[in-house]
Every structure is written in C-alpha cells, then in structure tokens.
Amino acid sequence: MAKSTETAAQRAQRTIHAGGEWLAASSGATREILDPADARPFAVVAEGDEQDTDLAVAAARRAFDTGDWPQTPVADRAAVLRRVADLLVRDRESLGLLESRDAGKTVEEGRVDIDCVADAFRYFADLVAGEGAGRVVDAGSPDIHSVVVYEPVGVCAMITPWNYPLLQASWKIAPALAAGNTFVIKPSEITPLTTIALIDLLAEAGLPAGVANIVTGPGHTVGARLAEHPGVDLVSFTGGLISGTKVAQAAAVTVKKVALELGGKNPNVVFADACETEEGFDTAVDQALNAAFIHSGQVCSAGGRLIVEESVRERFVAELVRRARRIRLGRGTEDGVECGPLVSEQQRARTEDYVASALAEGAELRCGGKRPEPSPRRPESGYFYEPTVLDHCHRDMRVVREEVFGPVLTVETFRTEDEAVALANDTEYGLAGAVWTADAGRARRVAGRLRHGTVWINDFHPYLPQAEWGGFGKSGVGRELGPAGLAEYRESKHVYQNLAPKPVRWFTG
C-alpha cells in the first residue's frame, strides 16, 4: 500500500465527515480557528455550505434507511456508547486542552467538560440497556395484546453552540445514538475542534459508517439548510433566541420534530437568613461568583441576576465586589488562571455594549466594566474583559432583560418573599434559577413558584445527566438529558394484536 503524501495541513482541512469519509469543502473554502486568548489562528477547518450539507444528509439517510444501526440490538448500541465513554477518559487531557484553546475556558474547566461528556454517554447507554421491550397497555381483554414500542426518529440534525462545544454535542449525540438514529451535526463555526475529534472516537468505538456525519460551516448556510432539509426528521438546536426562532420557522415547512434550548436570564435569589452565619454568608457569596463568572459568564444558565434581600444587600455586594476584583484573568492554559477570555471580539463588543447601556440607564458600576491591563498571561490581542458588577439595577434595563453572555452581574433587591418570586419570574426566559435560604419551608415554597426548568436550592450550576434540562417560555421547547431527553429522539408506535379475531358484523350484506 502506497504511503500517503498528504500533509497535516491538508488533513486538517478535510473536516467534513459524510458516509465514513473525511472530505474537504466542495467549494474548497476553509476557515481559520482563532485562540481567543491572543486572537492568533491555531487550526484550519473546511468551510462547508449547502452542497456539503446535502451530501452529509444523504449519507445519514442511507445509513438509516438501509443500514444496520437502527436495527442493532439495544445491548450492542449501549456497548458502543460505553466504549465512547472509555475513549473520552483515555483522551481526557488532550481533549480538555483542545476545548480550552478552542473556547477560551481554563484547562480545568475543559477537563471537567470531558468528564461530563463521558457521563452522558454512560447514562444513555445504561438507560436504553435497562429498558423493556415496550409499554404494555391493558386493553381490557385477554384476547388483545397491546403494546407501545419506541423507535428512532430517523435522521437528526444537530446545531450546537460555541460555549460548551463537546458537552452540548454529547447531550444530543448520546441519546440519538442510543435510540438508533443517524445524524448530521453542525458545531459552531468558531469552536468546532472537539466535535470533529468526537466523530473519530465514534468510529473507533465501532459506530458504522454513515451514522455520524459532521459539516463545519456557518449557520446561514449549513444550519439553515439542515433546518429546512426534507431528508431530516428532527432538528435539535442550542443557541440564541433569534437563531432558534429561524430554525423553528424553517423546520415548520416540513413539519419535522424540533427541540430548542435557547438560553436564559437566570435569577439567583438570596434571602437574608442564608447569610446569618459566617459559613452561610461565605458560601452564598462564593456561589454568586460561580453563578455569574464561570467561563466568563458564557453559560446559558449563568446566574447573571443577583436578587438579594435588602437588609443584607450592602454587606453582600461589597464582599462580592472585593472577591470579583481578585479573579485571576488570563490564558486558560496557564496555571493559576481562574477565568479566561471571551470567545471572540464580537462577544466582547456585545458585552461592552450592554455595560454601556446599563450605565446610561442608571446602574452603578461597582467593579470591572473594562478590558484589563495586558500582561504576559493576558495578551493585549486577547478578548479579555474584567468581571463586572452593576448595582442598583431594575427590570427596565436592557442588561437585566436580555441575555448578555459575558462576565456581567446585575444586582436587584427585594423586601418580601412575594417580591423576590415576582422579580425572579419577571423574565421572558425560564431556564434556571436558585434560591438561598436557611428556611426549609421557604425553600420549597419559592422553588415551587419559580417558573424555571431547573431550580437549585442553596447551590448553583450542578446538573445530573439523569435529570431533564430545559426551560420555560422563550428558553425553548423540549428537554435534554433524563428519560425525556431520550424520548426527544424517538417515535412511539402502538402495536395492537387481536389474538382471537372474529367477524365484527357491522355490515350485514
């Protein structure tokens, strides 16, 4: 066999995967991937378009309609998913580093992401492996056997965001494969690298050719074509509200299934009794920092709205500001760095615009609000922005109403429980929220009244793969994770069998 003369650069540009082959874009176009810590290119990928998307969908369609994967026994599908999880653990360090360079987060955050990805694959493997053959329905007669069975939807289109590239991909890929589907995924064009790597791991784990396909390219071409494509049976999108609305509109033409996770404007409600002890106060402040500034606030569930009881407001905010000023910003791959850059210049400019509008509308800047001074670990060319606390905010401000997706925390106050709930629910989103209190009864009451898909009590940010994730209102439709996350990728079919058929005699002729 002749030795390949392909260079590493040429291989890197073949990042469209269709029918088991790595391909260059049909147009020959490529895109440089920038490190947000210094704005320098460190990778090149293919820039796909509608033609490449059609090719990938056709491959997924063939694999579903004539391939073996949809009929593969559940135990065998689960075994493939478990092998993927093992490979992720094997490659944890390299993938964590790649996630850090691609998205700007710290390496430690990248490693945690890979652990969570492996957990998702294991969870869905265990979930399908533990199921029965269907749900038996009591038809009221021993002569009738009635069962509801669950079958794969078909070809799934997946459009994923830039903030948690591999994690968000796994929340879609793992249940889709567990259910027996094929798929085409479009990662964010600015953070595609770990998703590309995952496609190779799926093949290494034994997934048949054509089941997993990827097209790297922009949303207005690749994403739009996936949403409208008549060969796609389901589209799952995670991203912004405006883009999600366009996806839903395009998908409606072919009446395909749609799942949308569109972000949130998430309240973190702190009652005074949570701060009565020094330990309680320290924990609530620490978690408020985590809620707002993990991954520079580029988290759909970020607790960017601090809603704190008036009697502890000044002490709480003063300590929060003191600690926020000490957060160590820098390149995510460097030791000691606690917070990395924003993902792009566009995202930093967006954050700056929100802060400027807040100040114009009367907010008080307590800390941050600017680009940091450059340093060896913080190049001037990087997309860094200081953790920012805006005090004396109110609901009429854009920064309070709209999702910033940057390291910006707004502060609102309340006096009564009813006022706290009203403020927390005063948003068109409803993804997640938290309540901090030492009163167990109050915790249950407030959690029950909050109109958000996830509610944390005395905590912020943890999720479980076995518990559904999704939101109310404009945070989207459908759920990821948990049994409902698997159900998104299935169709239910009722099979009714008459064991003793006889004439009905409805018609007498």
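Structure's up top.
Sequence positions are assigned chain by chain, starting from 1 and proceeding in written order. Since the coordinates come from a predicted model, pLDDT governs what is reported: local features require at least 70, and pairs of side-chain atoms require 80 or more to be given and counted, while whole-chain, interface and lining totals use all residues. As a rule here, side-chain values come from all non-hydrogen atoms in the structure, and water together with hydrogens is ignored.

1. Observations regarding a nonpolar patch on the surface
Move 1: Only residues whose relative accessible area exceeds 30% and that form no salt bridge enter a patch; like-charged residues are grouped when within 9 Å of one another, and nonpolar side chains (Val, Leu, Ile, Met, Phe, Trp, Tyr) when within 5 Å. A 1.4 Å probe and the Shrake-Rupley method give the accessible areas. Residues count as covered only by the protein chains that appear here. Note on definitions: salt bridges are taken to be side-chain nitrogens of Lys or Arg within 4 Å of carboxyl oxygens of Asp or Glu. A surface patch of nonpolar side chains, amounting to about 480 Å² of accessible area, comprises Val504, Trp506 and Phe507.
Move 2: A run of DSSP states H or I qualifies as a helix once it reaches four residues; a run of E qualifies as a strand once it reaches two. Both are numbered from the N-terminal end. On the secondary structure map, Phe507 appears in the segment after β20 (490-498).
Move 3: Each residue gets one of three labels from its accessible area relative to the maximum for its type: buried under 20%, exposed over 50%, partly exposed in between, using a 1.4 Å probe on protein chains only. For Phe507, a relative accessible area of 69% puts it in the exposed group.

2. Digging into the packing of helix α3 (residues 74-90) against helix α5 (residues 107-129)
Move 1: Interaxial distance between α3 and α5 falls to 8 Å at its minimum, and their mutual angle equals 165°. The angle between α3 and α5 places the two elements in the roughly antiparallel class. Every pair of crossing elements has a handedness; the one defined by α3 and α5 is left-handed. Contacts from Val74, Ala78, Leu81, Arg82, Val84, Ala85, Asp86, Leu88 and Val89 of α3 reach α5 at Ile114, Val117, Ala118, Phe121, Arg122, Phe124, Ala125, Asp126, Val128 and Ala129.
Move 2: Under the grouping applied here, Gly and all other residues not named as nonpolar or charged are polar, the nonpolar ones being Ala, Val, Leu, Ile, Met, Phe, Trp, Tyr, Cys and Pro and the charged ones Asp, Glu, Lys and Arg. When the residues that make up the contact of α3 with α5 are grouped by side-chain class, the tally is 15 nonpolar, no polar and four charged. Note on definitions: angles span 0 to 180 degrees between N-to-C directions of axes, and those axes are lines fitted to C-alpha atoms, for helices only across the stretch in contact. By definition in this entry, angles of less than 35 degrees are roughly parallel, angles greater than 145 are roughly antiparallel, angles of 65 to 115 are roughly perpendicular, and the rest are oblique. Handedness of a crossing is defined here by the sense of rotation of the near helix relative to the far one, left-handed for an anticlockwise turn of less than a right angle and right-handed for a clockwise turn. Between two residues, a contact is recorded if the distance between any of their heavy atoms is within 4.5 Å.

3. As for empty space enclosed by the protein
Move 1: Think of a 1 Å grid over the protein atoms and nothing else: a 1.4 Å probe that fits but is trapped marks a cavity, an open set flanked by protein within 12 Å on at least five of seven lines marks a pocket, and residues with an atom within 4 Å of a point count as lining. Grid points are joined across faces, edges and corners, and a volume is the space filled by probe spheres set on the points. By the definition in use, this model includes three cavities of 30 Å³ or more.
Move 2: Its volume calculated, the largest cavity comes out at about 130 Å³.
Move 3: Lining the largest cavity are 16 residues, with Lys265, Ala302, Gly304, Val404 and Phe405 sitting closest to its centre.
Move 4: For the lining of the largest cavity, the residue count by class is eight nonpolar, six polar and two charged.

4. Observations regarding the side chain of Ser301
Move 1: Structurally, the position occupied by Ser301 is in the loop between α10 (278-293) and β13 (305-309).
Move 2: Using a relative accessible area of 4% as the deciding quantity, one classes Ser301 as buried.
Move 3: Leaving out residues up to four positions away in the same chain, Ser301 has contacts with Asn266, Leu431, Ala432, Trp456, Phe460, His461 and Trp469.

5. Some thoughts on the layout of surface pockets
Move 1: Of the pockets and cavities examined, the largest pocket occupies roughly 1300 Å³.
Move 2: In terms of lining residues, the largest pocket is bounded by 41 residues, among which Trp162, Phe237, Gly239, Gly240 and Ser243 are the most central.
Move 3: The set of elements that each furnish at least two residues to the lining of the largest pocket consists of α8 (219-228), β10 (234-238), α9 (241-252) and α12 (345-360).
Move 4: A total of six residues in the lining of the largest pocket trace back to one element, the largest contributor, which is α9.
Move 5: A class-by-class count of the residues in the lining of the largest pocket yields 16 nonpolar, 15 polar and ten charged.
Move 6: Looking at the second largest pocket, its volume works out to about 500 Å³.
Move 7: Every residue lining the second largest pocket is counted, 21 residues in all, and those nearest its centre are Asp113, Tyr164, Ile294, His461 and Tyr463.
Move 8: Elements represented by at least two residues in the lining of the second largest pocket include exactly α5 and α6 (165-179).
Move 9: Take the lining of the second largest pocket: its biggest share by element is five residues, from α5.
Move 10: Among the residues forming the lining of the second largest pocket, the class breakdown is twelve nonpolar, six polar and three charged.

These results come straight from atomic positions and should not be treated as a statement about function.
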